[in-house]
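Listed here are the chains, written in short residue letters.
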Amino acid sequence: MKIITLPLDMQKTALALRRAGKRIGLVPTMGFLHEGHLSLIKLARLQADVVVLSIFVNPTQFGPNEDFSRYPRDFERDRALCKTAGVDIIFNPAPEAMYSSRYSVYVEENVLSKGLCGASRPGHFRGVLTVVAKLFNLTLPDIAVFGQKDAQQARLIQQMTHNLNFPVTIVLAPIIRESDGLAKSSRNMYLSPAERREALCLQQALQTARRLYHEGERDAQRIIAAMKAGIEQIPSARVDYIAIVDRDTLHSAPRLDTPVLVALAVYIGKTRLIDNLTLPDDALSNLPE
Ligand code: AMP
């Protein structure tokens, strides 16, 4: 397994691989890897000859009051996990190598990025799309794998890839969960034992939505109200948003007559967690019964 830190070294290596006819699979991450990331690596290995995993805590996608500096980092642990998982190249650039002091070009999306997490995290998706575009140009992937855990991000990356004509196939990976159903996230390590128990309210709210849907409820406001009522019972929980949106346009869906995404962000203490479910259920969310 190779470790590359300089962007131009990464690009040269990727060019040589492409010229040798290799299919490159990219798995972009911010590190502190867990089984969610490992499932993305597995998918990439199925469809590519060479798997590049990037580890980059991208400063441009964090707001001024967010957790950029305290975001968990453990390169040695990540390196060992990557080796076992069959990663061929770790690309681990320094922030200054990706964004020089004179850096001034950003990728902005103006429709799909406005609601959901985009409304509570202004500038977040501009940072995400910018770094993913840069990673595409540096690693020259045939395919790139993203998790449904970040459903809006995945939708935006599909849109960017399509609108900017990147020759990359986007592969979507199902949400990987802890045994009790909590969606795996590097941020779960911020939770105290009590908060960790209370964090189950996100998935319980999604289960409520699914149950009501199966009972025939199609009114989005009634489903959202039931989800909210459940979360409000939990002392450490504060709803950031609960939304039911069209899966494709991400516009608010008043009724669940067409495919929708049920998405929520909830603060558990100081930690903001997200989760989601598609209805009709297509197994991407892996939500327990
Ligand atoms: P992150 O390191 O949190 O930025 O995530 C890197 C990639 O892993 C993104 O495409 C995420 O959607 C994906 N990912 C994170 N957590 C999970 C999970 N629990 N299941 C599936 N994919 C995940």
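Analysis parameters
- Residues numbered from 1 in each chain as written.
- Predicted model: local features only at pLDDT ≥ 70, side-chain atom pairs only at ≥ 80, totals over all residues.
- Heavy atoms only, no water.
- Near = heavy atom within 4 Å.
- Polar contact = N/O pair within 3.5 Å; in protein donor to acceptor, adjacent residues only side chain to side chain.
- Areas by Shrake-Rupley, 256 points an atom, 1.4 Å probe, with all protein chains shown as cover.
- Nonpolar A, V, L, I, M, F, W, Y, C, P; charged D, E, K, R; others polar.
- Core = buried A, V, L, I, M, F, W, Y, C linked by side-chain atoms within 4.5 Å.
- Buried < 20%, exposed > 50% of the residue type's maximum accessible area, 1.4 Å probe, protein only.
- Helix = DSSP H or I, 4+ residues; strand = E, 2+ residues; numbered from the N terminus.
- Contact = heavy atoms within 4.5 Å.
- Expected span 1.5 Å × (residues − 1).
- Arc of directions from axis to C-beta.

A. Expanded view of the site of the ligand. Among the 17 residues in the neighbourhood of the ligand, the closest are listed as H37, G147, D150, I176 and K184. Note that an oxygen atom of the ligand is positioned 2.9 Å from one of the backbone N or O atoms of M30. At a separation of 2.9 Å, a nitrogen atom of the ligand approaches a polar backbone atom of K184. Surface burial for the ligand is 92%, taken as the share of its 480 Å² of free accessible area covered by protein chains. By residue class, the composition of the shell around the ligand is eight nonpolar, six polar and three charged.

B. Layout of the nonpolar core. Judged by nonpolar contacts, the single largest core of 43 residues is most densely connected at M10, F91, M98, V132, F136, I157 and M160. A per-element tally of this core places helix α6 (residues 124-139) first, with nine residues. Setting aside residues no more than four positions away along its own chain, M98 makes contact with P7, F56, F91, P93, Y103, V131, K134, L135 and L138. Core analysis: the next-biggest nonpolar cluster, separate from the first, contains 31 residues, I224, L256, L279 and L287 among them.

C. Helix α1 (residues 7-19), seen in detail. In this model α1 runs 18 Å from its N-terminal to its C-terminal C-alpha over 13 residues, within 8% of the 18 Å that 1.5 Å per residue would give. What α1 keeps buried is the set P7, M10, T13, A14 and L17. Take α1 and look down its axis: the buried residues cluster within an arc of 130°, on one side only. More than 90 degrees from the buried face of α1, the exposed residues found are L8, K12 and R19.

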